[in-house]
Amino acid sequence: MSASPTRVLVLNSGSSSVKYQLLDMRDESRLATGLVERIGERTSRVEHTLLTGAEPETRTREGRVADHDEALDAVAAELSRDGLGLDSPELLAVGHRIVHGGRLFDGPTRVDWHVEREIERLVPVAPLHNPAGLAGIRTARRLNPSLPQVAVFDTAFHAHMPEAASRYALDTAVAEAHRIRRYGAHGTSHAYVSRATAELLGRPYEETNTIVLHLGNGASAAAVRGGRSVDTSMGLTPLEGLVMGTRSGDIDPAVVFHLMRNASMSAEDVDVLLNKKSGLYGLCGDNDMREITRRADEGDRTARLAFDVYVHRLRKYIGAYTAVLGRVDALVFTAGVGENSALVRAAAVEGLTGFGLAVDPERNAVREKRPRVISPEGTPVTVAVVPTDEELEIARQTYGLLGEGGDRG
Ligand code: AMP
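Residues numbered from 1 in each chain as written. Predicted model: local features only at pLDDT ≥ 70, side-chain atom pairs only at ≥ 80, totals over all residues. Heavy atoms only, no water.

### Quick look at the UniProt feature "binding site: substrate" (unreviewed entry) in the protein
The feature "binding site: substrate" (unreviewed entry), as given by UniProt, occupies Arg-97 in the numbering adopted here. Here Arg-97 shows up in strand E6 (residues 91-98). Exposure remark for Arg-97: the relative accessible area of 19% places this residue in the buried category. Setting aside residues up to four positions removed in sequence, Arg-97 forms contacts with Leu-11, Asn-12, Val-152, Asp-154 and Ile-394. Reaching out from Arg-97, the side chain makes a polar contact with the side chain of Asn-12 at a distance of 3.2 Å. (UniProt positions renumbered as here; feature names shortened; annotations may be inferred. Helix = DSSP H or I, 4+ residues; strand = E, 2+ residues; numbered from the N terminus. Buried < 20%, exposed > 50% of the residue type's maximum accessible area, 1.4 Å probe, protein only. Contact = heavy atoms within 4.5 Å. Polar contact = N/O pair within 3.5 Å; in protein donor to acceptor, adjacent residues only side chain to side chain.)

Laid out in structure tokens, this is it:
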């Protein structure tokens, strides 16, 4: 009898890119990783790295990849060249990152026609992302119809937020007719990081209260009580909340109709303005925190202001989620900015000793790819940096559902 399959292929299909990782869940090792970027543009790029040898082996090629269908063909071809194709008997399943799962999905879900139809029905609230996820599911099925597929939703971790946090104060009939509520996002990351933080603290996850700050190009905060998300800063879509690379985050909704009435902008124009031309980029012309802090250091006042607006919003959410949780055990930073910018971390908690928050300058300056505490010994709230790993979390959830000990969907 052959051994049960233990490998999971994780696909993260974005609006113009597909990232992938092949993992062996016996030891959670990575066998291959890669990326197809600039899908639909004239020069797309495929980068594939094989990790099974003594040294990583990377192959890259450029050329047009017209759509997600072709992108997945390219991924499958690269994996096949290394004997790791979608028809390999060791492959248990494909785990897909799906951005929007609405209210229906609160955990990893084996994909069938019903699940696919629901993901499709949610396209209006995730117009850039859900179609990409669907394309990933359909192409993987075309390449190997009998391979199980699992959807891991970015919204799932927030699916049971209390109504008081998930409802907008809108006319109930309108909200219900159009499924308008706060769904949140980045849930896979918030789940992974909050659990890893409890492990770092040596506390049971069920008894740990954490504020997670996922600060990447997209950014969100989550209040996690005993392993459950009780509030998060993103809402109906990932536009609400913190200041992000190119998204405004919280804004008076009247700005939208003010612009439509007085600046001859269409709904589409305002959508592009708030999602693509605002945030750090809108404030100072750069969306990369490295560039912004460098410019601010050189005395650039616009960059300084962008940094200050970013940090001010962050501090407001730290205060708000302290109140939501009542007792906070840990405040944790993750993703590109959170893991790398000691300046942002220091500014976010500066002067908050009244909240039990402080950062030790030496610990904060350490650069390491491991979870670590950056608050001084003995402070009431542990401040930590925990690198996120959404792909590993998707693989774990997929394996948990279908692998040894799982219920096979
Ligand atoms: P992510 O979306 O998690 O990949 O984060 C991407 C963002 O992280 C970039 O746009 C940068 O703003 C930020 N970032 C990456 N490295 C650094 C760094 N060393 N210092 C400050 N910010 C960084």
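After presenting the structure, the write-up continues.
### Concerning the nonpolar core
Ranked by internal contacts, the top residues of the largest apolar core, which has 42 residues, are Leu-213, Leu-215, Tyr-310 and Leu-331. Counting only elements with at least two residues in this core, the list comes to strand E9 (209-215), strand E10 (219-225), helix H9 (279-284), helix H10 (289-297), helix H11 (301-325), strand E12 (330-334), helix H13 (342-349) and strand E14 (382-385). Sorting elements by how many residues they give to this core places H11 first, with ten residues. Once you skip the residues sitting within four places of it in the chain, Leu-213 turns out to touch Ser-220, Ala-221, Leu-314, Ile-318, Leu-331, Val-332, Phe-333 and Thr-334. Counting 27 residues, the second-largest nonpolar core is a separate cluster that includes Leu-92, Val-224, Val-332 and Leu-402. (Core = buried A, V, L, I, M, F, W, Y, C linked by side-chain atoms within 4.5 Å.)

### Observations concerning the site of the ligand
In the vicinity of the ligand, the residues found are Gly-216, Asn-217, Asn-287, Asp-288, Met-289, Arg-290, Ala-335, Gly-336, Val-337, Asn-340, Ser-341 and Arg-367. With respect to the ligand, the side chain of Asp-288 contributes an N or O atom lying 3.5 Å from an oxygen atom. Within the side chain of Arg-290, an N or O atom sits 3.4 Å from a nitrogen atom of the ligand. In isolation the ligand exposes 510 Å². Once the protein is present, 70% of that is buried. Listed by contribution, the elements that provide at least two residues to the shell around the ligand are H10 and helix H12 (335-340). Of all the elements, H12 adds the most residues to the shell around the ligand, at four residues. Of the residues in the shell around the ligand, the class split is three nonpolar, six polar and three charged. (Near = heavy atom within 4 Å. Areas by Shrake-Rupley, 256 points an atom, 1.4 Å probe, with all protein chains shown as cover. Nonpolar A, V, L, I, M, F, W, Y, C, P; charged D, E, K, R; others polar.)

### A few points about the packing of H11 against H13
What describes two packed helices is the angle between their axes and the distance between those same axes. At a closest axis distance of 9 Å, the pairing of H11 and H13 adopts a crossing angle of 50°. The angle between H11 and H13 places the two elements in the oblique class. Seen along the crossing, H11 lies across H13 with a hand that is right-handed. Side by side, H11 and H13 meet where Phe-307, Tyr-310, Val-311, Leu-314, Arg-315 and Ile-318 of the first sit next to Leu-343, Val-344, Ala-347, Ala-348 and Val-349 of the second. Counted by class, the contact of H11 with H13 contains ten nonpolar, no polar and one charged residues. (Axes fitted to C-alpha atoms, helices over the stretch in contact; angles between N-to-C directions. Parallel < 35°, antiparallel > 145°, perpendicular 65-115°, else oblique. Left-handed = near helix turned anticlockwise from the far one by under 90°.)

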